[in-house]
Amino acid sequence: MKEALIDLRAWRQFVAVAEELHFGRAAERLHMTQPPVTQAIAQLEKTLGVALFDRTRRRVALTPAGEVLLPDVRELLARAQALPERARAAAAGQVGRVRIAFVSTIGFEKLPAWVREFRVLCPEVALELVEATGDVQLEAFARGEIDAGLMLHSPGAAPPGLARLPVEQEPLVLAMPAQHALASATPVPLVQVLAEPLVIFPRRIVPSLHDAIHGLYHSAGRTPTVAQEAIQMQTIVNLVSGGIGVAWVPQSVMQFRRAGVVYLQAQEFKGAGRARVALPACETSLVWPAHAVHPALARFVEFVRERTHKRVEERLNRG
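Residues numbered from 1 in each chain as written. Predicted model: local features only at pLDDT ≥ 70, side-chain atom pairs only at ≥ 80, totals over all residues. Heavy atoms only, no water.

(A) View of the overall build of the protein chain. For the protein chain, the helix and strand inventory stands at 10 helices and 13 strands. A principal-axis box enclosing the C-alpha atoms of the protein chain has dimensions of 105 × 40 × 30 Å. Looking at the 319 residues of the protein chain, the share that counts as buried comes to 43%. Across the protein chain, the fraction of contacts at a sequence separation of at least 24, relative to all contacts at a separation of at least 6, is 71%. Summed over its atoms, the accessible surface of the protein chain is roughly 17300 Å², and 53% of this surface lies on carbon and sulfur atoms. (Helix = DSSP H or I, 4+ residues; strand = E, 2+ residues; numbered from the N terminus. Buried < 20%, exposed > 50% of the residue type's maximum accessible area, 1.4 Å probe, protein only. Contact = heavy atoms within 4.5 Å. Areas by Shrake-Rupley, 256 points an atom, 1.4 Å probe, with all protein chains shown as cover.)

(B) Seen up close, unusual backbone geometry. Not every positive phi belongs to a glycine, and L21 is a case in point at roughly 50°. If you check the backbone angles, H31 has positive phi at about 60° while not being a glycine.

(C) Broad picture of the side chain of E168. Note that E168 resides in strand β6 (residues 163-177). What makes E168 buried here is its relative accessible area of 13%. At 2.5 Å, the side chain of E168 forms a polar contact with the side chain of K110. (Polar contact = N/O pair within 3.5 Å; in protein donor to acceptor, adjacent residues only side chain to side chain.)

(D) Structural detail: the packing of aromatic side chains. For the structure on display, the rule yields 6 aromatic pairs. Taking the centre distance of 5.3 Å and the plane angle of 85° together, the rings of F118 and F300 count as edge-to-face. Of this pair, F118 sits in helix α5 (residues 110-121) while F300 is found in helix α10 (residues 295-318), placing the two residues 182 residues apart along the sequence. Residues F118 and F303 carry aromatic rings whose centres are separated by 5.3 Å and whose planes lie at 65° to one another, so their mutual orientation is edge-to-face. (Phe/Tyr/Trp six-rings, centres within 6.5 Å; stacked < 30°, edge-to-face > 60°.)

(E) Seen up close, helix α3 (residues 34-48). Taking 1.5 Å per residue as the helical rise, α3 with its 15 residues ought to reach 21 Å, and the 21 Å between its terminal C-alpha atoms agrees with that figure. All buried positions along α3 are accounted for by V37, A40, I41, L44 and E45. When α3 is viewed along its axis, its buried side chains cluster within an angular range of 135° and face the same direction. Of the exposed residues in α3, the ones pointing more than 90 degrees away from its buried face are Q39 and K46. Check the buried side of α3 and you find it contacts α1 (8-20), α2 (23-29) and β1 (53-55). After α3 finishes, the residue G49 shows a positive phi value of roughly 75°. (Expected span 1.5 Å × (residues − 1). Arc of directions from axis to C-beta.)

(F) Layout of the environment of L286. Structurally, L286 is set in strand β13 (residues 281-288). Taking the C-alpha atoms as reference points, L286 and A148, separated by 138 residues in sequence, lie 6.9 Å from one another. Aside from chain neighbours lying at most four places away, what touches L286 is A148, G149, L150, A163, R164, L165, V167, F300, V301 and V304.

(G) Looking closely at the pattern of salt bridges. Tallied over the full model, the rule gives 17 salt bridges. In this structure, the salt-bridge partner of E45 is R55, at a minimum N-O distance of 2.8 Å. Here the residue E45 occupies a position in helix α3, and R55 occupies one in strand β1, the gap between them amounting to 10 residues. The class for E45 is buried, based on a relative accessible area of 12%. The class for R55 is partly exposed, based on a relative accessible area of 39%. Through salt bridges that share partners, E19, E20, R25, R29 and R74 make up one connected network. (Salt bridge = Lys/Arg side-chain N within 4 Å of Asp/Glu carboxyl O.)

Limitation: the analysis is restricted to geometry and does not speak to function.
Written out as structure tokens, the structure is:
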């Protein structure tokens with residue numbers, strides 16, 4: 001059977017009578033006359049099918065059902081009273097949930113710091129984090145499972161159809177087995193490096209960056225010999241440590257220390273046509289569907305924008 005709805009006014013009258021244990025004093029407290037209060041309690045009990053008060057000429061007392069119900073009703077009224085402020089906070093992005101996917105490279109340093117600071121600034125916004133490569137993020141966006149993503153790509157080559165905020169640009173560095181003969185060379189003879197077996201991520205993971213790395217080899221008149229593909233950067237570095245080959249990884253991966261691996265800063269070189277060839281760089285962007293921005297997400301985007309601009313200003317001041 002469908003339960004009848006009971007408005008908050010009836011519950012307020014119940015609490016007043018329960019706390020005063022006197023219908024007359026409860027009516028005064030509510031700025032009412034006594035008969036409407038008495039009638040309201042009688043109607044409430046009828047609706048519930050439960051007696052809430054024992055009444056005699058001398059006294060009014062809560063029944064066991066009324067005793068159990070009183071704390072719940074107090075909580076209900078307190079939550080109802082808080083609703084307007086909570087609605088305003090939600091509209092301002094101070095309350096809510098933001099589901100964020102991220103690539104492993106941003107998770108080494110920047111993302112943990114952002115999450116820690118944002119949770120202090122907006123403690124009632126839940127950040128739900130999941131590590132995912134770019135292709136998995138796009139699928140999650142299509143299913144509506146995430147609100148934003150931190151994606152890796154070549155500079156300016158973020159996936160189309162998403163709003164974008166660039167948050168980091170960094171060069172690629174060479175990860176090489178520590179025992180390799182070229183590991184101590186200064187400078188690194190890139191022509192020889194490009195002849196080494198390559199450990200790289202599948203193209204579907206980051207198409208633009210995959211193509212940029214292959215373009216580096218082609219500019220030197222070579223075709224890379226792919227020894228192994230791996231999805232996660234940590235796995236790629238582990239394979240390098242095992243002597244499987246060399247790898248081009250974002251500079252931030254250097255924070256992932258692995259025995260048996262050295263990271264080398266590469267140099268630009270002249271290609272087959274004698275023109276200087278710039279080594280690939282990579283960029284990380286915060287991306288989100290522009291048509292699905294809710295207040296909590298907008299607040300997080302603005303937070304990241306402010307932190308990114310602040311970091312750029314600090315870098316310029318140092319320079």
